[in-house]
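Descriptive structure summary
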Amino acid sequence: MAPQWCTRQVFRCFKWLERAGDRLTGAAGPVFVTLAVVLLSTGLFCFLDVILPSLPWPWVTTPVCLLIALNLFAHYYYVCTISPGFVPDSPRNHGSRLLWARRREDSRGRQLTGVRWSEDVQITRAATSKCRKCGEMRPERSHHCRICNRCVLKYDHHCPVRINQCVGLHNERHFVLFMVYLVISSFCYAAFGWRHVLLGLGWFNEPWPYLAPPMAFLLTYILAVVLFLAVSAMAGWHLYMVASGETSVETQDHEQYRKIAKQRGETFVNCYDLGWRKNLELFFNVGPTGYPLYTLVVPLRVEPYTDGRSWARRPGFEQHVGVRPGEELTDEDDD
């Protein structure tokens, strides 16, 4: 009994430290977001002042660079301000403001908003279960966030450092696009700015002719290189999960399901996986039955293809294959 009691106390200590860390990062979230805005703005100023005037074909490179910067800041604003979607919330309607993308219409004048009007995709109502932490009846793919203390629709993860909230159904598209444009931006900064780094270091023994201080440019250049390497891996992994029809949480769960199914001589099949192309179309809600493809390069708001209470599935699949009732993983028990 004594070893078990000691082990239990150790785990409780770790849980306490984990929850304390969650509260600390949650409280400091606005500071992290402010710092991110300052760093992004400093990098943009240095790019416009130092790098952009030296690029060839300015009539081409200037609009492209400004469009990339617009996407970067717009998607960061969206992902920080748009609620991820909580289970008790009412289903949202398409907005009518300027920042919303115009919905596609078919030949009969119906507005197409994604899989709701698709004939080549099966969509069924989500099963519901009761959350053991908050008591909410929640649809499948929802999880309880221990920092927000609420159940989030299509919960991916809580990001206290970059966006100070959860990534879920209504802001996951903007989160991924923000990372993609951050990778593109940092690559352009690193690829086109290295000659100016040498000038800032005094390599050419010439005066620094720009408004941006050389130290600010050098520091943002180093940051751009680091961000390109780090965020490229993160963005690539998220795009891989999207193409597989999974969220971050589901990727971990499905790995366990595969092991359990393999022990029984079965094969786990993800019922949400419709193939990489259809998965990407549904996630970004573009294509023949979604929004136009230009919404990937013009930073407009786009509603998801579902309200989080129905999901597209493989034809003939109502649930995962290889997982039996009672084996589904739920949120961790803090007790």
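Residues numbered from 1 in each chain as written. Predicted model: local features only at pLDDT ≥ 70, side-chain atom pairs only at ≥ 80, totals over all residues. Heavy atoms only, no water.

**A look at the nonpolar core**
Counting residues in each nonpolar core, the largest one holds 24 residues, and the members touching the most others are Tyr76, Ile163 and Phe178. The greatest single-element share of this core, amounting to 8 residues, is contributed by helix 4 (residues 172-192). Excluding anything up to four places from it in sequence, isoleucine 163 contacts Val33, Tyr76, Val79 and Cys80. With 17 residues, the next largest nonpolar core counts Cys46, Phe47, Cys65 and Tyr221 among its residues. (Core = buried A, V, L, I, M, F, W, Y, C linked by side-chain atoms within 4.5 Å. Buried < 20%, exposed > 50% of the residue type's maximum accessible area, 1.4 Å probe, protein only. Helix = DSSP H or I, 4+ residues; strand = E, 2+ residues; numbered from the N terminus. Contact = heavy atoms within 4.5 Å.)

**Thoughts on helix 3 (residues 58-81)**
Here helix 3 contains 24 residues, and its C-alpha end-to-end distance of 34 Å stays within 8% of the 34 Å for a straight helix at 1.5 Å per residue. Looking at helix 3, one finds that the buried residues are Thr61, Cys65, Ile68, Ala69, Asn71, Leu72, Ala74, His75, Tyr76, Tyr78, Val79 and Cys80. Residues of helix 3 that are buried make contact with helix 2 (29-51), strand 9 (165-167) and helix 4. (Expected span 1.5 Å × (residues − 1).)

**Side note on the pattern of salt bridges**
One pass over the full model with this rule turns up 10 salt bridges. Salt-bridge contacts for arginine 150 lead to aspartate 89; the nearest nitrogen and oxygen are separated by 3.7 Å. Residue arginine 150 is located in strand 7 (residues 150-152), and its partner aspartate 89 is located in the loop between helix 3 and strand 1 (104-105); the two are separated by 61 residues in the primary sequence. Owing to a relative accessible area of 27%, aspartate 89 belongs among the partly exposed residues under this scheme. When salt bridges with common partners are traced through the structure, they connect Glu246, Glu255 and Arg258 into a single cluster. (Salt bridge = Lys/Arg side-chain N within 4 Å of Asp/Glu carboxyl O.)

**Topic: unusual backbone geometry**
Within the chain, tryptophan 57 stands out as a residue other than glycine whose phi angle is a positive 45 degrees. Locating tryptophan 57 in the fold gives a position in the loop between helix 2 and helix 3. The exposure class of tryptophan 57 is exposed, given its relative accessible area of 56%. The backbone phi angle of asparagine 285 is positive, close to 55 degrees, even though this residue is not glycine. Structurally, asparagine 285 is set in the loop between helix 8 (276-284) and strand 10 (310-313).

**Quick look at the side chain of arginine 141**
Along the chain, arginine 141 falls in the loop between strand 5 (137-139) and strand 6 (143-145). Assessed through its relative accessible area of 9%, arginine 141 is described here as buried. Beyond its immediate stretch of four places on either side in the chain, arginine 141 contacts Val152, Leu153, Lys154, Tyr155, Gly245, Glu246, Thr247, Glu250, Tyr272 and Trp311.

**Some thoughts on the packing of aromatic side chains**
The relation between two aromatic rings is expressed through the spacing of the ring centres and the mutual angle of the planes. The tally for this structure, following the rule as stated, stands at 13 aromatic pairs. An angle of 75 degrees between the planes, with centres 5.1 Å apart, marks the rings of tryptophan 208 and tyrosine 210 as edge-to-face. Ring pairs connect the aromatic residues Phe47, Tyr189, Trp208, Tyr210, Phe217 and Tyr221, which therefore count as one cluster. Here arginine 150 stacks its cationic end above the ring of phenylalanine 86, 3.9 Å away from the centre of that ring. One Lys or Arg, arginine 314, reaches over the ring of phenylalanine 317 and ends 6.0 Å from the middle of that ring. (Phe/Tyr/Trp six-rings, centres within 6.5 Å; stacked < 30°, edge-to-face > 60°. Lys NZ or Arg CZ within 6 Å of the ring centre and 35° of its normal.)

**Re the pairing of strand 10**
Burial along strand 10 is two-sided: the residues Ser310 and Ala312 and Trp311 and Arg313 are all buried. Inspection of the sheet shows strand 3 (residues 122-125) paired to strand 10 by 4 bridges, in the antiparallel sense. Bridging from a neighbouring strand, arginine 125 pairs with serine 310 of strand 10. (Pairing = 2+ DSSP bridges.)

**Looking at the confidence of the model for the chain**
A residue-level look at the chain finds 83% of positions with pLDDT of 70 or above and a mean pLDDT of 84. Across the chain, helix 4 holds the top mean pLDDT of 96, while strand 2 (residues 111-112) sits lowest at 48. Low confidence marks residues 3-7, where pLDDT is under 50. Its contacts with residues over four positions away, or in another chain, come to 0 contacts. Across residues 110-115, where pLDDT falls below 50, the model places 29 contacts with residues more than four positions away in sequence or in other chains. (pLDDT = per-residue confidence, 0-100.)

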